Amino acid sequence: QLGMTKLPSRKPPAAGQGAIKPSLTKVYEDIVYRDVPGNPRSLRMGNQFSPYQNQKFYERALRAKGYVESESSSKCTASSQSCISYYQSNTGMAAITTMRMEKETIVMMVQGK
């Protein structure tokens, strides 16, 4: 069998474009799931901030956009090696996981409707 794929004529946006992220954050992966209702988006990023600093950034940024943190979020402290937070709004949800690795903190963010 032979399959053909038509590639889009326009260039896709740069990875991480339009995403909420702290400054000096590198975007390693930006996937939009077009086959799932609401087209959720998954980002894998890295930076030099601690998991706690990243979580506080997202707490402020998402609250400013009308999101409320879920009670199922884990308690994140300044000494935490990993943190998980869940947010809900009238228009969608966001889940943020931050993990301290040897050279940087990895941030995984999933946003959807």
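Before reading on, note that the structure itself is shown above.
On a predicted model such as this, the values are computed, not experimentally measured, just so you know.

Definitions and cut-offs
Residues numbered from 1 in each chain as written. Predicted model: local features only at pLDDT ≥ 70, side-chain atom pairs only at ≥ 80, totals over all residues. Heavy atoms only, no water. Core = buried A, V, L, I, M, F, W, Y, C linked by side-chain atoms within 4.5 Å. Buried < 20%, exposed > 50% of the residue type's maximum accessible area, 1.4 Å probe, protein only. Helix = DSSP H or I, 4+ residues; strand = E, 2+ residues; numbered from the N terminus. Contact = heavy atoms within 4.5 Å. Pairing = 2+ DSSP bridges. Axes fitted to C-alpha atoms, helices over the stretch in contact; angles between N-to-C directions.

S.K.: What am I meant to see in the nonpolar core here?
M.R.: Soluble globular proteins tend to bury their nonpolar side chains together. Counting 13 residues, the largest nonpolar core has Met-45, Tyr-58, Leu-62, Tyr-87, Ala-94, Ile-96 and Met-109 as its most contacted members. At the level of secondary structure, the elements contributing two or more residues to this core comprise strand E2 (41-47), helix H1 (51-64), strand E5 (93-100) and strand E6 (105-112). With three residues, the single largest contributor to this core is H1. What Leu-62 contacts, discounting residues up to four positions off in sequence, is Ile-20, Tyr-67, Tyr-87, Ala-94, Ile-96 and Gln-111.

S.K.: What am I meant to see in the sheet that holds E2 here?
M.R.: Adjacent strands of a sheet pair through backbone hydrogen bonds, lying either parallel or antiparallel. Taken in spatial order, the six strands make up an open sheet running E1-E2-E6-E5-E4-E3, and their pairing is antiparallel. Since the sheet does not close on itself, it has two edges, and those belong to strand E1 (26-32) and strand E3 (68-69), each with one partner. Sheet analysis places E3 next to strand E4 (residues 82-88), joined by two bridges and oriented antiparallel. By the bridge assignment for E4, Val-68 is matched with Gln-88. Contacts from H1 reach E2, E3, E4, E5 and E6, with the element oriented near 165 degrees to E5.

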